[in-house]
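# Examination of the molecular architecture
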2 protein chains.
Amino acid sequence: MNAIDRPEAAVRVELGERGYDILIGSGLLAAAGAAIRERLGAVRLAVVTDENVAAIHLPALLLALRAADLDAITIVLPPGEATKSLEHLEAVVDQVLEARLERGDAVVALGGGVIGDLAGFAAAIVRRGMSFVQIPTSLLAQVDSSVGGKTGINSRLGKNLIGAFHQPALVLADTAVLDTLPAREFAAGYAEVAKYGLLGDADFFAWLEENRAAVFAGGAARTRAIAVSCRAKAAIVAADEREQGERALLNLGHTFGHALEAAAGFDARRLVHGEAVAIGMALAHRFSAGLGLAPGADAERVERHLRAAGLPTAISDVPGSAIEADELMRHIGQDKKVRQGRLTFILTRGIGRAFVAGDVSPGEVRSFLEAELAR
Amino acid sequence: MNAIDRPEAAVRVELGERGYDILIGSGLLAAAGAAIRERLGAVRLAVVTDENVAAIHLPALLLALRAADLDAITIVLPPGEATKSLEHLEAVVDQVLEARLERGDAVVALGGGVIGDLAGFAAAIVRRGMSFVQIPTSLLAQVDSSVGGKTGINSRLGKNLIGAFHQPALVLADTAVLDTLPAREFAAGYAEVAKYGLLGDADFFAWLEENRAAVFAGGAARTRAIAVSCRAKAAIVAADEREQGERALLNLGHTFGHALEAAAGFDARRLVHGEAVAIGMALAHRFSAGLGLAPGADAERVERHLRAAGLPTAISDVPGSAIEADELMRHIGQDKKVRQGRLTFILTRGIGRAFVAGDVSPGEVRSFLEAELAR
Ligand SMILES: NC(=O)c1ccc[n+]([C@@H]2O[C@H](COP(=O)([O-])OP(=O)(O)OC[C@H]3O[C@@H](n4cnc5c(N)ncnc54)[C@H](O)[C@@H]3O)[C@@H](O)[C@H]2O)c1
Ligand SMILES: NC(=O)c1ccc[n+]([C@@H]2O[C@H](COP(=O)([O-])OP(=O)(O)OC[C@H]3O[C@@H](n4cnc5c(N)ncnc54)[C@H](O)[C@@H]3O)[C@@H](O)[C@H]2O)c1
Ligand SMILES: [Zn+2]
Ligand SMILES: [Zn+2]
């Protein structure tokens, strides 16, 4: 229980009356019941999770809820991106309503970003908004998707096209649950950790260069990396809750990354999101260097660090049939971040110095991609 | 075009940066393009409407949009409450996405409350929130559903259980389009107009007693009745956007009303919403009088006025098989407004003096209903 009174780290997301805490540390799952009761009171809960996470971590959560005398129903969904569908959303919403949960009751997401996005969106729309608690279990979810209130599902027309902004009341990031995460998923989440260094905190990136192995191993370095990441995201979210400006910096590596994911058919065997972001960040740095905006040496440092973390950094690293410039351009053109024929990219002046470039010419992007593919 | 520069009436909904105007007057439909362009700029539009309204009013709207050089796609749905479903929501969302509308583009609802609720919810969730314009064409929608930002659909577990708060950027209430509304629908909407008098504005109710026929006929009296109603709702919404307190007053007549609608199987041939509310308001006044809270004479005035407007005021007025106290109690118990076994009702101390009673005993409600049924 001590874990909630004195978590190893805590980050406040400053959003006025929608503000909330992210508690970070090893063993927090066992304190989840107490933490929820302390903040939300004697609410009824619907725990949403996926089969993988349920098999390993659900019993501990249910035990913790029972210890705090909190009633919960459990909704277990198949793992994977395909779960972020209208069909599964309906199933969750129906079960929450069948259990007769009210507005003040809470949906709890126990899982990675897929579960967090889906369960959060369900919480946003049941009775026009129920309380919501995030217990992220993947590194990506702990440092990224659980913070900031973006929730949603995929449409057959694209990823994350249907959703809502709905802030959680509490985020509990138990760093120990990451020990059971597949290595590839851990590395993928690490790409987002590195992103916070690259977009605005050169010291943090340098610290990661020194401490990467320790972060992967667990313990204090992991907690620190997660806390710094959450703090960075929280600050950006607080400045721009509804993503109209500064929040765009979080898309460093993501315009290229999304295009790569689409070109790979969103096939997780070929590429998972964090891997796509790793390649995207490497590309963004090389593109910026090529435009004379950033030192070439920085692009090389980025590539070296990501490779050391087991991440891909070039388009040709994607297994399976070769990805072509044409296809990437098509996806880049379809991205939400297009306005009046010019492209918006996050470019950089060097490590820790990313910026929003609203006026990138499609021709320059294409030449760059062709050169990359020939490299 | 003059209609938008000098509408007959305008009401501001004061919600800070989410604030917006309701323009009210005869002929506004023809000025819709100019009004939208003035406030939202050169946006692209998706007009959502139903078959009935499309047949009569869609051409005029499209003409007005074209005159203002605004591009629009049109989505025509079947009329009726059944359209507020996840299936139709998906269809609207898909078509909006297929047309590649962006966040700053707008969904336009042209229709009654069904279309407004559905289209507004679609606008709330496409790309986590697009702009939204209401062009309400039923009296109910002009005085009630288009104001306040409640959007949503029905679940098989109940009405309006899935939704969001999403404020429109503009509401255009063309009072002349109500001329084509079926008489029964006009009367049903009028129940909500009378509600604003009953819940907090005795002078307005007295004015309605004098001017009912003129309101039904159209012209200045109708515009005034709509403007006063919108102003009343806007004030309540501004004080309590997310329905945590004062906004509950708007539920005058609705706890009984919803139970009646459910008992009548949501069959519009037996009872439409406004009729249920009319009976509910009559019941709320008689219940309050019976509890010694309000003068019996006020209950009689309410009944007389609603009857003169062609509205039902007693449970036995509902055609079809008799509705029983048991069934009503079951639905009342399932209503969202139940907490810890006590019932929340809007009761009244007399015309214009409604209040939220959070602690009504189910036993008293049942005795009252039994007496009503024996009456
Ligand atoms: N809302 C946001 O702001 C935001 C930001 C970034 C990404 N996302 C979304 O997040 C999703 C990706 O999240 P993700 O990478 O966590 O994917 P995920 O939820 O699919 O989890 C990855 C895999 O790891 C498994 N897993 C999770 N935790 C585990 C644990 N502790 N032990 C063992 N296995 C575990 C899952 O079952 C799954 O198979 C995408 O849908 C993306 O769109 C959202
Ligand atoms: N969002 C809110 O705050 C709120 C408040 C009250 C009611 N509602 C919802 O509103 C809905 C009821 O709205 P409604 O009464 O407008 O129902 P509706 O939308 O079904 O319209 C009633 C009928 O009138 C027709 N119609 C509408 N305008 C017309 C016109 N000008 N000429 C001819 N026919 C016309 C429609 O086609 C329909 O057949 C319900 O679903 C209710 O839940 C929402
Ligand atoms: Zn990402
Ligand atoms: Zn109503």
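The structure this text deals with has already been given above.
What this report covers is the structure whose coordinates are included nearby.

Cut-offs applied
- Residues numbered from 1 in each chain as written.
- Chains lettered and ligands numbered in written order.
- Predicted model: local features only at pLDDT ≥ 70, side-chain atom pairs only at ≥ 80, totals over all residues.
- Heavy atoms only, no water.
- Phe/Tyr/Trp six-rings, centres within 6.5 Å; stacked < 30°, edge-to-face > 60°.
- Helix = DSSP H or I, 4+ residues; strand = E, 2+ residues; numbered from the N terminus.
- Buried < 20%, exposed > 50% of the residue type's maximum accessible area, 1.4 Å probe, protein only.
- Contact = heavy atoms within 4.5 Å.
- Buried area = accessible area lost by both parts, 1.4 Å probe.
- Salt bridge = Lys/Arg side-chain N within 4 Å of Asp/Glu carboxyl O.
- Polar contact = N/O pair within 3.5 Å; in protein donor to acceptor, adjacent residues only side chain to side chain.
- Nonpolar A, V, L, I, M, F, W, Y, C, P; charged D, E, K, R; others polar.
- Donors = N, O, S within 2.8 Å, 3.2 Å for Na, K, Ca; no water.
- Least-squares fit on C-alpha atoms with pLDDT ≥ 70 in both.

### Topic: the packing of aromatic side chains
All names here are of chain A. Under the criterion given, the structure shown has 16 aromatic pairs over all chains. Between F256 and F345, the aromatic rings sit 4.9 Å apart at their centres with planes inclined by 55 degrees, giving tilted as the arrangement. Within this pair, whereas F256 is found in helix α10 (residues 254-263), its partner F345 is found in strand β11 (residues 342-348), the two being separated by 89 residues in sequence. Accessibility expressed as a relative area gives 4% for F256, which makes it buried.

### Regarding the interface of chain B and chain A
Between chain B and chain A, the contact holds 33 residues from the first and 33 residues from the second. Carbon and sulfur atoms make up 48% of the area that chain B and chain A hide from each other, which totals about 3000 Å². At the junction of chain B and chain A, the tally comes to four salt bridges. Taken together, chain B and chain A are joined by 10 residue pairs in polar contact (both at pLDDT 80 or more). Elements with a contribution of two residues or more to the side of chain B that touches chain A: α4 (86-98), α5 (113-125), β7 (150-155), β8 (158-165), α13 (325-334) and β10 (338-339) of chain B. Considering only residue class, the side of chain B that touches chain A consists of 13 nonpolar, six polar and 14 charged.

### Concerning the coordination of the zinc ion (ligand 4)
Residues and elements named next belong to chain B. Listed as protein donors to the zinc ion (ligand 4) are E192 (OE), H254 (NE2) and H273 (NE2); their distances from the metal cover 2.0 to 2.1 Å. Counting along the primary sequence, the residues that act as donors to the zinc ion (ligand 4) give the motif E-x61-H-x18-H. Highlighted residues: E192 in helix α7 (residues 183-200) and H273 in helix α11 (residues 273-290), separated in sequence by 81 residues.

### What to know about the relation of the copies chain B and chain A
For the pair chain B and chain A, the superposition axis carries a translation of 0.0 Å, the fit reaches an RMSD of 0.0 Å, and the rotation angle comes to 180 degrees. Such a combination of turn and shift is consistent with a two-fold rotation axis. A share of 100% of interface residues in chain B that are also interface residues in chain A marks the association as one of identical surfaces.

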